[in-house]
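# Residue-level structure breakdown
Residues per chain, in single letters:
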Amino acid sequence: MTGPQPTSGEFRSGFICFVGRPNTGKSTLTNALVGEKIAITSNRPQTTRHTIRGIVNRDDAQLVLVDTPGLHRPRTLLGQRLNDLVRDTYSEVDVIGVCIPADEPIGPGDRWIVKQVREMAPRTTVLGVVTKIDRVTPDKVGEQLIALAELLGPDSEVVPVSAKSGKQLDVLSDLLVSLVEPGPAFYPDGELTDEPEQVLMAEFIREAALEGVRDELPHSLAVVIEEVIDREDRRDDQPPMVDVHAILYVERDSQKGIIIGKKGARLKEVGTVARTQIEKLLGTKVYLDLHVKVAKDWQRDPKQLRRMGF
Ligand SMILES: Nc1nc2c(ncn2[C@@H]2O[C@H](COP(=O)(O)OP(=O)(O)OP(=O)(O)O)[C@@H](O)[C@H]2O)c(=O)[nH]1
C-alpha cells in the first residue's frame with residue numbers, strides 16, 4: 001500500500017465517484033460527506049439515475065462527488081444509456097471508491113464491478129471503502145477490510161466508514177484529498193450541486209413515489225417537470241410561492257394504481273414528502289401538482305427516453 005501522501009499545504013481538487021452493488025450505501029455516503037441532502041437515497045435498489053454531484057468544500061481542498069447509477073446488464077435501451085453514463089464517469093474521475101458493505105460477504109457482483117472498473121479506467125486510482133460499519137462488530141470490519149484489500153490488490157487503500165454514525169468520515173475525506181492532485185476549486189464555495197434544480201426536483205418526487213412500493217417499479221417510473229412558475233398574483237403580505245407541475249410516467253395501468261393509491265391517498269402523501277424537500281431546495285413555499293400518466297414501454301423508445309432526459 002502506498003499510504004496517504006502528505007498534502008504539504010497546497011490546495012487540492014478532484015472528482016470522486018463511488019461505485020458498488022445497489023444498496024451498498026453510495027448515495028448515503030455522498031450525502032454524509034457533503035453534509036446536506038443532494039444525492040438521492042432510498043431503501044430500494046437502483047434509484048440513482050442521474051449523475052448528481054455533491055461538493056465537499058474544505059479549507060485545503062474541494063472534492064466533487066459524482067454519484068453514478070449502478071451498472072446494469074443492458075437489456076433495454078435505458079440500461080445501455082445508463083451503462084454509457086457510468087463508463088464516461090469512470091474515465092473522467094480522479095478516484096473511484098469501491099463500496100462494499102461491512103455486513104455482506106464479497107460476492108460475484110462485487111468482483112464483476114471491480115473487473116469493470118479496472119477494464120474501463122485502468123489508470124484511475126481505486127480506493128476500497130467498507131461501508132455501514134455501525135452494523136457489525138470491529139472484528140467483522142477487520143475481516144472485510146482484509147477481504148477488500150485482497151480483491152483490490154496492493155495498490156489500493158482501504159478504509160472503513162459509517163455514513164449513518166459519521167464514524168471515520170473525516171478519515172475518508174482526508175484520504176480522498178490526499179489522492180487528488182493539487183489544483184484550484186472547480187466550483188465556487190457554497191455551491192453544493194451543479195445539477196439543474198429541475199433534475200433534483202424530479203428526483204425528489206421519484207424518490208418519494210418509490211418509497212415502500214414493489215421491487216419492479218424503480219425501472220418503470222420516470223418523472224418529468226413540466227413547468228415551474230413563480231406565482232405573481234399573491235398579496236404583499238404572503239410569502240413567495242412557486243408552482244411546480246410534474247408528470248410521473250409509468251408503463252402500465254396497474255403501476256398507475258400503485259402510485260396513486262386508494263382514492264389518491266398515496267399520491268397525496270408522495271406530494272407532501274416531495275414538496276417539503278423542494279421547498280427546502282428552492283427556499284420558497286411550493287404548490288406541487290402531480291399527474292400520473294401511462295407511457296407504454298418508455299424504456300425501449302428513444303424518443304420518449306430523450307424527452308425524459310436520458
Ligand atoms: N446502518 C447503516 N445503514 C446505511 C449506511 N449507509 C447507508 N445505509 C442504508 O443502506 C441503504 C442503501 O443506501 P443508499 O445510499 O441508497 O445505497 P446506494 O448504494 O446509493 O444504492 P443505489 O442508489 O441503489 O445504488 C439505505 O437504506 C441506507 O439508509 C450506514 O453507514 N449505516
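- The name that an unreviewed UniProt entry assigns to the chain is GTPase Era, with the source organism given as Gordonia amarae NBRC 15530.
- You can read under Sequence similarities (unreviewed entry) in the UniProt record for the chain the words "Belongs to the TRAFAC class TrmE-Era-EngA-EngB-Septin-like GTPase superfamily. Era GTPase family."
- Comment text from UniProt for the chain, heading Subunit (unreviewed entry), reads "Monomer."

### Some points on the overall build of the chain
- Counting secondary structure elements, the chain contains nine helices and 10 strands.
- The buried share of the chain, taken over its 310 residues, is 51%.
- Across the chain, every contact between residues at least 6 apart in sequence was considered, and the portion connecting residues at least 24 apart equals 72%.
- Summed over its atoms, the accessible surface of the chain is roughly 15200 Å², and 49% of this surface lies on carbon and sulfur atoms.

### A short note on the packing of helix α6 (residues 197–210) against helix α8 (residues 265–282)
- Between α6 and α8, the least distance of the axes is 8 Å, while the angle of their chain directions is 145 degrees. Every pair of crossing elements has a handedness; the one defined by α6 and α8 is right-handed. Between α6 and α8, the contacting residues are Glu197, Leu200, Met201, Phe204, Ile205, Glu207, Ala208, Ala209 and Leu210 on the first element and Arg266, Val270, Val273, Ala274, Gln277, Ile278, Leu281 and Leu282 on the second.

### Focus: the nonpolar core
- Judged by nonpolar contacts, the single largest core of 29 residues is most densely connected at Val19, Tyr90 and Ile96.
- Of all the elements in the fold, those that place two or more residues in this core are β1 (12–19), β3 (61–67), α2 (77–92), β4 (95–101), α3 (108–120), β5 (125–131) and α4 (138–152).

Scoring rules and cut-offs
Residues numbered from 1 in each chain as written. Predicted model: local features only at pLDDT ≥ 70, side-chain atom pairs only at ≥ 80, totals over all residues. Heavy atoms only, no water. UniProt positions renumbered as here; feature names shortened; annotations may be inferred. Helix = DSSP H or I, 4+ residues; strand = E, 2+ residues; numbered from the N terminus. Buried < 20%, exposed > 50% of the residue type's maximum accessible area, 1.4 Å probe, protein only. Contact = heavy atoms within 4.5 Å. Areas by Shrake-Rupley, 256 points an atom, 1.4 Å probe, with all protein chains shown as cover. Axes fitted to C-alpha atoms, helices over the stretch in contact; angles between N-to-C directions. Left-handed = near helix turned anticlockwise from the far one by under 90°. Core = buried A, V, L, I, M, F, W, Y, C linked by side-chain atoms within 4.5 Å.

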